[in-house]
Amino acid sequence: MIASLKGVLASIGKSDIIIEVNGIGYLLNVSSKLISSLGNLGSNLSLFTDLQIKDDKIVMYGFIHSSEQLLFRLLQSVQGVGPKASLSILST
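To start, this report covers the structure provided alongside it. (Residues numbered from 1 in each chain as written. Predicted model: local features only at pLDDT ≥ 70, side-chain atom pairs only at ≥ 80, totals over all residues. Heavy atoms only, no water.)

The next point concerns the pattern of salt bridges. Evaluation of the coordinates by the stated rule reveals one salt bridge. Between arginine 73 and aspartate 50 there is a salt bridge, with the nearest N and O atoms lying 2.7 Å from each other. Taken together, the residues span a long stretch of sequence, with arginine 73 in helix H2 (residues 66-76) and aspartate 50 in strand S4 (residues 44-53) at a distance of 23 residues. Given the relative accessible area of 35%, arginine 73 is considered partly exposed. (Salt bridge = Lys/Arg side-chain N within 4 Å of Asp/Glu carboxyl O. Helix = DSSP H or I, 4+ residues; strand = E, 2+ residues; numbered from the N terminus. Buried < 20%, exposed > 50% of the residue type's maximum accessible area, 1.4 Å probe, protein only.)

Have a look at this one:
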């Protein structure tokens, strides 16, 4: 599993970012709170990650602090709360 990434911020989307690590761009879904705290493109960034493999897709989520990562995982243990809802909760 990929537990963390350290690289250069290459792109900022509405709910995701791309971090480039040694020439490979990783797409990470992140909270809006994290997006608002980011620096400029090209800045160095270190994130904790959560990689989820589903039947039809592989999705990675990014977090500034390991406590956010743990809370993200804990929220998903509640029935009916998935990754999107967990990110929404972390955004508030």
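Resuming the write-up.
On to the environment of isoleucine 64, then. Counting through the fold element by element, isoleucine 64 comes out in the loop between strand S5 (58-63) and H2. Considered as a pair, isoleucine 64 and phenylalanine 48 are 16 residues apart in the sequence and their alpha carbons are 6.2 Å apart. What isoleucine 64 contacts, discounting residues up to four positions off in sequence, is Leu34, Leu45, Leu47 and Phe48. (Contact = heavy atoms within 4.5 Å.)

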